[in-house]
Amino acid sequence: MIREIPEAEFHQRIERIQKMLVEKDYDAYLVHSNEADHASVRYLSDHWPIFETAGVIIPKEGDPILLIGPEAEPFAIQRSKIKKVRKLLAYRESAEPDYPDIQVSNFKEVFDEISGGKGIKRLALGDYAILPMPVYEGIKEALGSKGEIIRAEWIISDMRAVKSENEIAMMKEAHRISELALEDLLKEMKVGMTEKEAMGILYHAMYKHGAECEAFPNYIFGGKQTQNAIARATYKKLEPGQMIQLCVGARFGGYASSVGRPVIFGKMPQEMKKQVQFGLDAHLITYEWIKEGVIAKDIAEKYYQYFEKHGYSQYYLYGPCHGAGIIEVEKPWLEKTSNYPLKENMTFMADTFFTTPDYGFRWEDGFRVTKDGCEVFSSARSEIIEL
């Protein structure tokens, strides 16, 4: 079992992007990452920024460069599969220290380096939604009045959407670890324990079973807070008879997982149990609609119609699946507006969220699209869980 993506695969990713740059007549491609959304930079270099941000610039010919803040150089050199590393103030941490004793580059120097002194005229830009203003302003200044910025998130998001054999292996292992951590948590969590105490059990189990780290701030919370599709554990105590939401996600080899399960201490009230079972049924039937060539919006329409058919449309929040990989939620989504066809080895989370006036719950598991259906990465405890 490999524990990381082989270096050769990183080089192949760069080469694929360079072919697209030539086809589109772009001079270079720049992507960006931060500590929370590290996907693009890690996908291309395996560097994961801490405190600072980071970028990768890929010329249409020649070597790419990893762009980092002033403090990250030793760490970046140890991790990066891209050998050229340059420090820029634009990537420093948000406290904006001056670093008077550290020599740094600027975007004009970087552009000259990758172009042999010719400069960059047409820059394709990824990760627009998380690009900091200092980076954007530095790019604009270096390009000058004749330079052009082209939004091109699609270049890397389309590549990341279809996974390699190695990427799928990382995701499978991440889900295996999450299932083991879930079992440990279910054995040890108790009534009266705070949500944060239960989180401690979960993270201990996750690392014990071999996780690189957590894939996202994992969920353990109960009562009305389960109405939230996104929330964090608190100091509130776990109580009998209340809905408790668990979302367990380990990261392995850079890739994320998520195993979402609703649980309760004691017996579920009849109406709650009926709703939770419906959620599980909707979750499982989604897999039956998945296969290569199916248009994504058709699945989302069937999913919504399933809610309508069973009288639960008022409890519907969003579509049945979202893309997953390096980040637990990434492009593409499966919504009623999604017009793309599914491709073999696209990977998603089947994310079945159901919300009522008093509580909500989520069933969640990863899977990959196959030619004839899908391969589910986790299925442990796909049942009513009463502790």
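Provided above is the structure to which this section pertains.
Below, the structure is looked at part by part. Owing to the predicted nature of the structure, the values given are computational and were not obtained by experimental measurement.

**Regarding the pattern of salt bridges**
Across all of its chains, the model carries 31 salt bridges by this definition. Put simply, Lys83 and Glu7 hold a salt bridge, and the shortest N to O gap is 3.8 Å. Residue Lys83 is found in the loop between helix H3 (73-79) and strand E4 (85-87), and its partner Glu7 is found in helix H1 (residues 7-24); the two are separated by 76 residues along the sequence. Owing to a relative accessible area of 64%, Lys83 belongs among the exposed residues under this scheme. For Glu7, a relative accessible area of 33% corresponds to the partly exposed category. Salt-bridge contacts for Asp184 lead to Lys208; the nearest nitrogen and oxygen are separated by 3.0 Å. Within this pair, whereas Asp184 is found in helix H7 (residues 165-188), its partner Lys208 is found in helix H8 (residues 195-208), the two being separated by 24 residues in sequence. Looking at Asp184, the relative accessible area reads 12%, which means it is buried. The network of salt bridges with common partners includes Arg42, Asp46, Arg79, Lys81 and Glu212.

**Regarding the environment of Tyr312**
The residue Tyr312 is located in the loop between helix H10 (296-309) and strand E13 (321-323) in this model. Ignoring any residue separated from it by four or fewer positions in sequence, one finds Tyr312 in contact with Glu271, Lys274, Gln275, Phe278, Phe307 and Phe354.

What counts, and at which threshold
- Residues numbered from 1 in each chain as written.
- Predicted model: local features only at pLDDT ≥ 70, side-chain atom pairs only at ≥ 80, totals over all residues.
- Heavy atoms only, no water.
- Salt bridge = Lys/Arg side-chain N within 4 Å of Asp/Glu carboxyl O.
- Helix = DSSP H or I, 4+ residues; strand = E, 2+ residues; numbered from the N terminus.
- Buried < 20%, exposed > 50% of the residue type's maximum accessible area, 1.4 Å probe, protein only.
- Contact = heavy atoms within 4.5 Å.

In short, geometric facts, not functional conclusions.
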